[in-house]
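Below are the chains, spelled out letter by letter.
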Amino acid sequence: MQTTSLIQQAAVIKLLILDVDGVMTDGAIIFQNGQEQIKAFHVQDGLGIQLLQKAGITVAIITGKSSEMLMARAQALGIQHVYQKQTDKSNAYQTLLKTLNLAPTSVCYIGDDLPDLYGIKRSGLGIAVNNAQQIVKKHADWVTNQDGGYGAVREVCNLLLQAHNKLEQIETAYLTNGRW
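Note that the coordinates shown come from a computational prediction; the quantities given were computed from them, not determined experimentally. (Residues numbered from 1 in each chain as written. Predicted model: local features only at pLDDT ≥ 70, side-chain atom pairs only at ≥ 80, totals over all residues. Heavy atoms only, no water.)

Now for the side chain of S123. Along the polypeptide, S123 turns up in the loop between α5 (117-122) and β7 (125-128). For S123, the side chain forms a polar contact with the side chain of Y93, separated by 2.9 Å. Looking at S123, its side chain comes within polar contact range of the main-chain oxygen of G119, at 2.6 Å. Setting aside anything within four residues of it in sequence, one finds S123 in contact with Y93, P104, V107, Y109 and D141. (Helix = DSSP H or I, 4+ residues; strand = E, 2+ residues; numbered from the N terminus. Polar contact = N/O pair within 3.5 Å; in protein donor to acceptor, adjacent residues only side chain to side chain. Contact = heavy atoms within 4.5 Å.)

As C-alpha cells, this is what we get:
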C-alpha cells in the first residue's frame, strides 16, 4: 500500500527517467571475448514501460555507458529518448526537460548510485531501487521493494499507473480481453 503523499507525487508525473546498470539491469557487466557487453533486462519491467507509454507517460533513459544491447532494448520498448555516455547526467536531464517542455516536478527519476543523485534530488519523484547505495536511498522520496534488474522498474510503473488511475483498468482489460 502506497502513502497518500507518494500517490499525489506520482499523479503529476509525465516523464519517467531510468538509469540502466543497476536499475534496468542487476548492475552486472559481462564482457564476452573481452569486447561485447551482455546485459539482462527483466521482461516484467519491459511490459511496465510499454504500459506507461500507452498510458501517456513518456519514458527516457540516461546512462553513463554505451551499449548496442541497450539501444536494441530501447527500440523494442519504443523508448525514443536515450542518452548514452552521460558521465555527467545533469546535462542530459536538463536537455530532456527542455526538449519535452516539462518542469522537474513532473519527472520521476529512478537511480541506484552517485551519478543519479542530481536527477533524484531535482525531480518531483526521486526513486532509489532497493539495492541502491545508501546515500541514494537517503535522498530518494521512495525506495522500491525490488532490486534493480529484478522488477524494480515494474514496481515504479505500477505505482505511476495506479496514481494515474490506470492500473485497475489495465488489469481488468487483461483479465477480460487478454490485452489492454
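Structure's up, so let's keep going.
The next point concerns the pattern of salt bridges. Taken as a whole and judged by the stated rule, the model has three salt bridges. Where D116 meets K89, a salt bridge forms, and the shortest distance between an N and an O atom there is 2.7 Å. Note that D116 is positioned in the loop between β6 (107-111) and α5 and K89 in helix α4 (residues 89-100), a separation of 27 residues in sequence. Of the residues examined, K89 reaches a relative accessible area of 6% and is grouped as buried. (Salt bridge = Lys/Arg side-chain N within 4 Å of Asp/Glu carboxyl O. Buried < 20%, exposed > 50% of the residue type's maximum accessible area, 1.4 Å probe, protein only.)

Here T144 lies in the loop between β8 (142-143) and α7 (152-163). In this structure the side chain of T144 is engaged in a polar contact, spanning 3.0 Å, whose partner is the backbone nitrogen of N130. For T144, the residues in contact, after removing those within four places along its chain, are I127, A128, V129, N130, A152, E155 and V156.

To summarise the sheet geometry, strands pair through backbone hydrogen bonds and adopt either a parallel or an antiparallel arrangement. Taking strand neighbours across the sheet as the criterion, the six strands line up as β5-β4-β1-β6-β7-β8 in an open arrangement whose pairing is parallel. Each end of this open sheet is capped by a strand with a single partner; those strands are β5 (81-83) and β8. Of the strand pairs in this sheet, β7 and β8 are connected by two bridges, and their pairing is parallel. From the neighbouring strand, I127 faces β8, where its bridge partner is W142. (Pairing = 2+ DSSP bridges.)

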